[in-house]
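# Descriptive analysis of the structure
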Amino acid sequence: MVVVMAPGATEADIKGVVSLVETAGGDAFVSRGVERTIVGLVGDVQQFGSLNLRGLRGVSDVVRISAPYKLVSRENHGERSVVRVGGVPIGPGTMTLIAGPCAVETPEQTLQAAQMAQAAGATLLRGGAFKPRTSPYAFQGLGEAGLRILADVRAETGLPIVTEVVNAADVELVASYADMLQIGTRNTQNFALLQAAGEAGKPVMLKRGMSGTIEEWLMSAEYIAQRGNLDIVLCERGIRTFERATRNTLDISAVPVAQRLSHLPVIVDPSHSGGSRDLVLPLTRAGIAVGADGVIIDVHPHPETALCDGPQALVDGDLRELAKLVRELPPIVGRALTEAPDGVPA
């Protein structure tokens, strides 16, 4: 069961709901989004029904949710949500391009990649300072030095930062630099990390686990939401199947399914799913055509020397084609390319 607070509800109104639920022996979890606040109830549903929660000041509605992921379910949120990252919207009606280097290597490389991404129409900069890798001998990222580079590039370009956090102990540090926290595929069910990210006060991009079902993906989002954060963007990044011709299999059907089951925005990752530069643009077309709210793409000025995922990074002519694609295709499916906020160079 969830209590939907009215847009003008005060903190006192919210505390009134929480206090009444706790008095009845239940637990209440407050989750705040850009558009509204929801209070999730845990305990005896029958007992909650006798509390007359609808009669409390500031309450808009009380909804029983059948889905196990109650706060992120579409059942309690008829309209799909918009998540804003540094003023940039991700959600229905727009198509947001997030691009940049998979890994931050040097200030020069990161700035050049950001400028390439921005020229192609990107309004958010992705870049990894912490890199969880399959091999312990692979490049693991620059850590805080990489975060400082990203912050400097943001100051130069105006692009808000999306960067990965891999350890619950690092959430506070990463959140002090980032505009959006990314949870990678290997950490989709790292529940301590999900809870810490939910408490950080920053929007979160949650990638689907490489072997995870859609329900498991949404349950992971619920861990974030239960800690007070409804500003979550789901990212379909390809799942592991028997097919070896591609790095992963981009599950295009997951986009409309997740949008039907949840009110959260859903984007796709054509770079990590295909794993090859020649697949990125076709998969981007497919993602936009199926209704994705955005795409996240790897860009590198010199992919032949990249320390991480060079074969899938776009350069030069690919980026010119990407720029044309993201301007021409979204209007065909009823969307517009997200523009830079006022005051940010385009």
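The preceding data block contains the structure.
Let me sum up the structure you'll find in this document. (Residues numbered from 1 in each chain as written. Predicted model: local features only at pLDDT ≥ 70, side-chain atom pairs only at ≥ 80, totals over all residues. Heavy atoms only, no water.)

## Overview of the pattern of salt bridges
All chains considered together, the criterion is met by 14 salt bridges. Note that Arg54 is salt-bridged to Asp61, the shortest N-O span being 3.5 Å. You can call Arg54 exposed: its relative accessible area is 54%. Each of Arg80, Asp293 and Arg335 takes part in one network of salt bridges that share partners. (Salt bridge = Lys/Arg side-chain N within 4 Å of Asp/Glu carboxyl O. Buried < 20%, exposed > 50% of the residue type's maximum accessible area, 1.4 Å probe, protein only.)

## Let's talk about the side chain of Thr94
As for its position among the elements, Thr94 is in strand S7 (residues 94–100). Side-chain polar atoms of Thr94 contact the backbone oxygen of Gly91, separated by 3.3 Å. Residues within four places of Thr94 in sequence aside, it is in contact with Pro89, Asp293, Arg335, Ala336 and Thr338. (Helix = DSSP H or I, 4+ residues; strand = E, 2+ residues; numbered from the N terminus. Polar contact = N/O pair within 3.5 Å; in protein donor to acceptor, adjacent residues only side chain to side chain. Contact = heavy atoms within 4.5 Å.)

## Examining the packing of helix H10 (residues 277–290) against helix H11 (residues 316–332)
The geometry of H10 relative to H11 is characterised by a closest axis approach of 10 Å and an angle of 5° between their N-to-C directions. For the element pair H10 / H11, the angle class is roughly parallel. Packed against H10, whose contacting residues are Arg277, Leu281, Thr284, Arg285 and Ile288, the element H11 presents Asp318, Glu321, Leu322, Leu325, Leu329 and Pro330 at the interface. Here the contact of H10 with H11 is built from residues that sort into 6 nonpolar, 1 polar and 4 charged. (Axes fitted to C-alpha atoms, helices over the stretch in contact; angles between N-to-C directions. Parallel < 35°, antiparallel > 145°, perpendicular 65-115°, else oblique. Nonpolar A, V, L, I, M, F, W, Y, C, P; charged D, E, K, R; others polar.)

## Observations concerning the pairing of strand S9 (residues 161–164)
Where burial is concerned, the two faces of S9 agree: the one with Ile161 and Thr163 and the one with Val162 and Glu164 are both buried. Strand direction decides the pairing type here: strand S8 (residues 124–126) and S9, joined by 2 bridges, are parallel. The residue bridging Arg126 from the neighbouring strand is Val162, located in S9. Once you follow S8 into helix H4 (residues 144–157) and on to S9, the crossover reads as right-handed. As paired elements, S9 and strand S10 (residues 180–183) share 3 bridges and run parallel to each other. (Pairing = 2+ DSSP bridges. Right-handed = clockwise from strand over helix to strand, strands pointing away.)

## Here we look at the nonpolar core
The biggest cluster of nonpolar side chains holds 74 residues, and the ones touching the most others in it are Leu206, Leu234 and Leu322. Excluding its chain neighbours within four sequence positions, the residues that come into contact with Leu234 are Leu206, Trp217, Leu218, Ala221, Ala258, Ser262, Leu264, Pro265, Val266 and Ile267. Ranked by size, the runner-up nonpolar core spans 17 residues in total, among them Met1, Val21, Val30 and Phe48. (Core = buried A, V, L, I, M, F, W, Y, C linked by side-chain atoms within 4.5 Å.)

## Details of the environment of Lys15
Position of Lys15 relative to the elements: it lies in helix H1 (residues 11–23). Accessibility expressed as a relative area gives 58% for Lys15, which makes it exposed. Through-space distance from the C-alpha of Lys15 to that of Arg32 is 13 Å; in sequence the pair is 17 residues apart.

## Thoughts on helix H7 (residues 214–226)
Owing to its 3.6 residues per turn, the α-helix brings residues three or four apart onto one side. Its 13 residues give H7 an end-to-end C-alpha distance of 18 Å, which sits within 8% of 18 Å, the value for a rise of 1.5 Å per residue. Buried positions along H7 lie against strand S2 (27–32), helix H6 (191–198), strand S11 (204–207), strand S12 (232–236), helix H8 (254–261) and strand S13 (266–268). In the stretch just after H7, Gly228 is the one whose phi turns positive, near 105°. (Expected span 1.5 Å × (residues − 1).)

## Details of the packing of aromatic side chains
Applying the stated criterion across every chain yields a total of 1 aromatic pair. A ring pair is formed by Phe191 and Tyr223, whose centres lie 4.4 Å apart and whose planes are at 20°; its orientation type is stacked. One end of the pair, Phe191, is in helix H6; the other, Tyr223, is in helix H7, with 32 residues separating them in the sequence. (Phe/Tyr/Trp six-rings, centres within 6.5 Å; stacked < 30°, edge-to-face > 60°.)

## Topic: unusual backbone geometry
With phi around 55°, Asn52 is a residue other than glycine that occupies positive phi space. Relative to the elements of secondary structure, Asn52 occurs in the loop between helix H2 (45–48) and strand S4 (59–63). Positive phi values are uncommon outside glycine, yet Asp316 reaches one of about 35°. With respect to the helices and strands, the residue Asp316 is situated in helix H11. Under the relative-accessibility criterion, Asp316 is labelled exposed at 54%.

## With respect to the sheet that holds S4
Hydrogen bonds between backbone groups are what pair the strands of a sheet, and the pairing can be parallel or antiparallel. Read across the open sheet, the 4 strands follow the order S2-S3-S1-S4; overall the sheet is antiparallel. Across the chains shown, the open sheet's two edge strands, defined by having one partner strand only, are S2 and S4. Pairs of neighbouring strands in the sheet enclose a mean axial angle of 20°, with direction left out of account. Summarising the sheet, strand S1 (residues 2–5) and S4 pair through 4 bridges and their orientation is antiparallel. Paired with Met5 across the two strands is Val59, which belongs to S4.

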